Amino acid sequence: MMRGPFRRRGPQAVEQYGAPGSGSGTAISAVTVVVLLGGWWIVTQLELIRPLFLPAPEMVISKFARIACTDHYLERLLVAVGGLAEVEAKCHGFSDHALHEHVLWSLYRVFGAFALATATAVPIGIAMGMNRYARGVFDPPIEFYRPIPPLAYLPLTIIWFGIGESGKLFLIFLACFAPIAINARAGVRSVSIEQIHAAYSMGASHRQVLRHVVLKGALPEILTGMRVAIAFGWTTLVAAEMVAAKAGIGVMVLNAARFLATDIVFLGIIVIGAVAFVFDLIMRRVERALVPWKGKV
Amino acid sequence: MTVVVSLNRVSVEFPAVDGQGVVRALDDVNLDFRDNEFVVALGASGCGKTTLLNVIAGFLQPTSGEILHKDTPIRGPGSDRGVVFQKHALLPWLNVLENTEFGLKLQGVAKEERLSRARDYLALVGLSDFERYPIHQLSGGMQQRVGLARALTCDPDMLLMDEPLGALDAFTRETMQELVLDAWRETRKVVFFITHSVEEALFMATRLIVMSPRPGRITHAYDIDFCHRFFETGNARAVKSSPDFIALREEVLSIIYGEEAGDGPP
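Rules and cut-offs
- Each chain carries its own residue numbering, running from 1 in the direction its sequence is written.
- Throughout, the order in which chains and ligands are written sets their labels, letters from A for the former and numbers from 1 for the latter.
- Local features in a predicted model are, by the rule used here, given only for residues with pLDDT of at least 70; side-chain atom pairs are given and counted only at 80 or more, and totals for whole chains, interfaces and linings are based on all residues.
- Every angle, taken between N-to-C directions, lies between 0 and 180 degrees, and every axis is a line fitted to C-alpha atoms, over only the stretch in contact when it is a helix.
- Secondary structure counts use DSSP, requiring at least four H or I residues in a row for a helix and at least two E residues in a row for a strand, with both numbered from the N terminus.
- Should the near helix be turned anticlockwise from the far one by less than a right angle, the crossing is termed left-handed; should it be turned clockwise, right-handed.
- Contact between two residues is assigned whenever their backbone-derived C-beta positions fall within 7 Å.
- Think of it as three bins: nonpolar holds Ala, Val, Leu, Ile, Met, Phe, Trp, Tyr, Cys and Pro, charged holds Asp, Glu, Lys and Arg, and polar takes everything else, Gly as well.
- In short, DSSP must find at least two bridges between two strands for them to pair.
- The span you would expect from a helix comes to 1.5 Å times its residue count less one.
- Partly exposed residues are those whose C-beta has more than 12 but fewer than 20 other C-beta atoms within 10 Å; with 20 or more the residue is buried, with 12 or fewer it is exposed, and the C-beta atoms are placed from the backbone.
- The directions considered for the arc run from the helix axis to the C-beta atoms.
- Predictor confidence is given residue by residue as pLDDT, running from a minimum of 0 to a maximum of 100.

J.: Help me understand the packing of helix α4 (residues 99–130) of chain A against helix α9 (residues 206–241) of chain A, please; the structure alone is not making it clear to me.
T.: Two measures define how a pair of helices packs: the angle their axes make with one another and the distance between the axes. All names here are of chain A. Relative orientation of the contacting elements α4 and α9 amounts to 145°, with a least axis distance of 8 Å. Remark: the crossing between α4 and α9 carries right-handed chirality. In this structure, α4 uses Ser106, Arg109, Val110, Ala113, Phe114, Ala117, Thr118, Val122, Ile126 and Met130 to contact α9, whose residues at the interface are Leu210, Val214, Leu215, Ala218, Ile222, Met226, Ala229, Ile230, Gly233, Trp234, Leu237 and Ala240. Looking at the contact of α4 with α9, its residues break down into 18 nonpolar, 3 polar and 1 charged.

J.: So what exactly am I meant to see when it comes to the environment of Val238 of chain A here?
T.: Residue and element names in this part refer to chain A. In this structure, Val238 sits in helix α9. As for Val238 and Val253, which are separated by 15 residues in sequence, their C-alpha atoms are 8.4 Å apart. Beyond its immediate sequence surroundings of up to four residues, Val238 is in contact with Gly250, Val253 and Leu254.

J.: Just checking my understanding: could you explain the sheet that holds strand β3 (residues 38–42) of chain B for this structure?
T.: Across a sheet, paired strands are connected by hydrogen bonds in the backbone, their directions being either parallel or antiparallel. Residue and element names in this part refer to chain B. Taken together, 6 strands build an open sheet; the order of strands is β6-β7-β8-β3-β9-β10 and the sheet is mixed. Every other strand in the sheet has two partners, leaving β6 (81–84) and β10 (217–223) as the edge strands with one partner each. Sheet twist, expressed as the mean angle between neighbouring strand axes with direction ignored, is 20°. Pairing of strand β7 (residues 158–162) with strand β8 (residues 190–195), which is carried by 5 bridges, proceeds in the parallel orientation. Across the sheet, residue Met158 finds its bridge partner in β8, namely Val190.

J.: Before we go on, may I ask you to explain helix α3 (residues 111–124) of chain B in this structure?
T.: Residues separated by three or four positions in an α-helix point in the same direction, a consequence of the helix having 3.6 residues per turn. All names here are of chain B. When the terminal C-alpha atoms of α3 are compared, their 20 Å separation across 14 residues agrees well with the 20 Å that a helix rising 1.5 Å per residue should span. Looking only at α3, the buried set comprises Arg114, Ala118, Tyr121 and Leu122. The arc that holds every buried residue of α3, seen down its axis, measures 105°, which confines them to one face. Exposed residues on α3 whose side chains face more than 90 degrees from its buried face are Glu112, Glu113, Ser116 and Ala123. Here the buried face of α3 lies against α2 (96–106) and α4 (140–153). Downstream of α3 by one or two residues, Gly126 has phi in the positive range, about 75°.

J.: Could you clarify how one ought to interpret the confidence of the model for chain A in this entry?
T.: Reading fine detail from the predicted coordinates is not recommended where pLDDT is low. The share of residues in chain A with pLDDT of 70 or more is 95%, and the mean pLDDT across the chain is 88. In the model, residues 1–5 of chain A has pLDDT below 50 throughout and makes 5 contacts with residues more than four positions away in sequence or in other chains.

Structure representation (structure tokens):
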């Protein structure tokens with residue numbers, strides 16, 4: 001079967017009259033992407049904008065090859081399979097680190113903090129939904145700090161944690177925590193009282209209702225919270241890496257901006273966008289696999 | 001006949017919406033449910049039918065009076081009283097079979113036994129071919145049949161049904177009435193069934209109680225046997241169009257409309 005936006009479909013589904021936003025937007029999105037990339041290329045080819053402000057796509061690509069050390073790693077591969085005597089190409093990277101090191105450091109920070117936030121915010125959010133004491137205790141601090149921009153309490157994390165990794169993790173952790181906790185709490189609320197009553201009238205204990213009904217019922221909203229949280233995590237990453245980070249995709253962008261290396265800034269932004277996009281795709285797959293009933297009941 | 005569940009002078013009061021005083025949702029209700037009975041409660045909205053069911057199910061504590069299940073006071077919900085809800089209240093993350101065996105799983109019954117019992121009741125409601133279906137792919141009538149099979153699989157003494165057919169279309173509804181009656185005859189449970197439909201109430205009940213609002217109470221009770229006539233003849237339309245059925249239908253309707261007419265502001 002052919003896949004993708006240009007696949008021929010079988011009999012067209014009957015369109016509901018007046019259904020908002022009906023029909024597929026995939027092909028149109030593809031056109032949008034092509035127009036944007038093409039426009040970027042044409043504008044730079046015609047030299048309408050100086051490269052300092054808008055570097056050409058090929059500059060970004062060549063910077064990618066340089067910072068990712070593609071030659072170096074290709075030669076290492078060839079040496080390993082015996083096609084080459086020794087590695088000649090040097091790996092300079094940027095700020096003493098190759099691109100994949102920057103990416104891995106950032107992934108470690110974002111996903112480390114995200115995992116910590118998920119492990120703590122899900123139980124706390126569930127507890128807030130189930131128990132008025134838990135709600136009373138956790139609601140004020142969460143609602144207080146939630147709207148504060150991370151940059152505002154960044155100095156505080158430096159004072160508390162110093163300039164090491166823990167402060168960075170803590171900043172991203174805070175950004176991820178609130179949306180997961182709030183969604184987990186809302187997820188508990190979304191379980192219908194009939195479902196809970198049904199379980200009790202079949203002999204369920206409180207613990208069984210929590211495990212077999214409430215947790216399962218809250219799962220769609222918890223996953224939504226995790227998707228929102230990881231986006232907040234990426235948003236906060238650059239702020240976290242402003243403080244004495246040696247490697248990281250955010251610090252790469254910040255350093256490049258200091259040297260007006262706009263092409264590297266572009267590269268960093270594209271990498272962050274690509275990684276976040278891939279993770280969101282994975283989360284959507286996970287959602288479809290774990291909660292196929294979402295929105296259908 | 002032995003009394004399975006009995007209500008003695010049960011009253012339920014709620015605070016009024018405007019905060020002034022209380023609403024008596026149930027006022028001094030006495031009611032016995034005996035073996036093999038199919039009791040149907042009929043009445044206009046707000047007459048306390050659902051409150052009555054919730055009290056028996058244990059979802060609601062009465063303000064005064066007591067409810068006994070085989071001489072033991074009811075303190076909360078339990079697997080001796082199965083409930084079928086108006087909206088199916090199935091668990092969408094489980095398929096048809098898993099939903100049906102869910103109660104036995106909670107009670108720690110071994111897997112093989114609970115599967116075989118769940119399959120028996122799915123067969124009883126005619127859903128054997130849909131075991132693996134997710135809930136959201138079933139029609140409303142099929143979802144209610146799963147709800148019925150789920151409640152029966154726990155083998156309760158009593159089945160509480162809160163307008164289970166209210167959301168179904170007229171044709172499905174008539175089929176489901178027959179299916180519920182057949183399941184009742186097969187399993188010999190005490191059934192307490194709530195409905196808005198006079199015809200449904202007369203057709204299914206062995207005892208019909210008519211309730212009236214403000215305060216919620218039982219005003220009339222009839223012992224009837226139209227369901228047994230249906231079992232003998234198998235012809236629901238003939239039962240529903242027989243002269244005595246129509247006469248009783250008109251009598252009950254006039255009670256309900258009479259109350260509504262006398263219900264206006266003084």
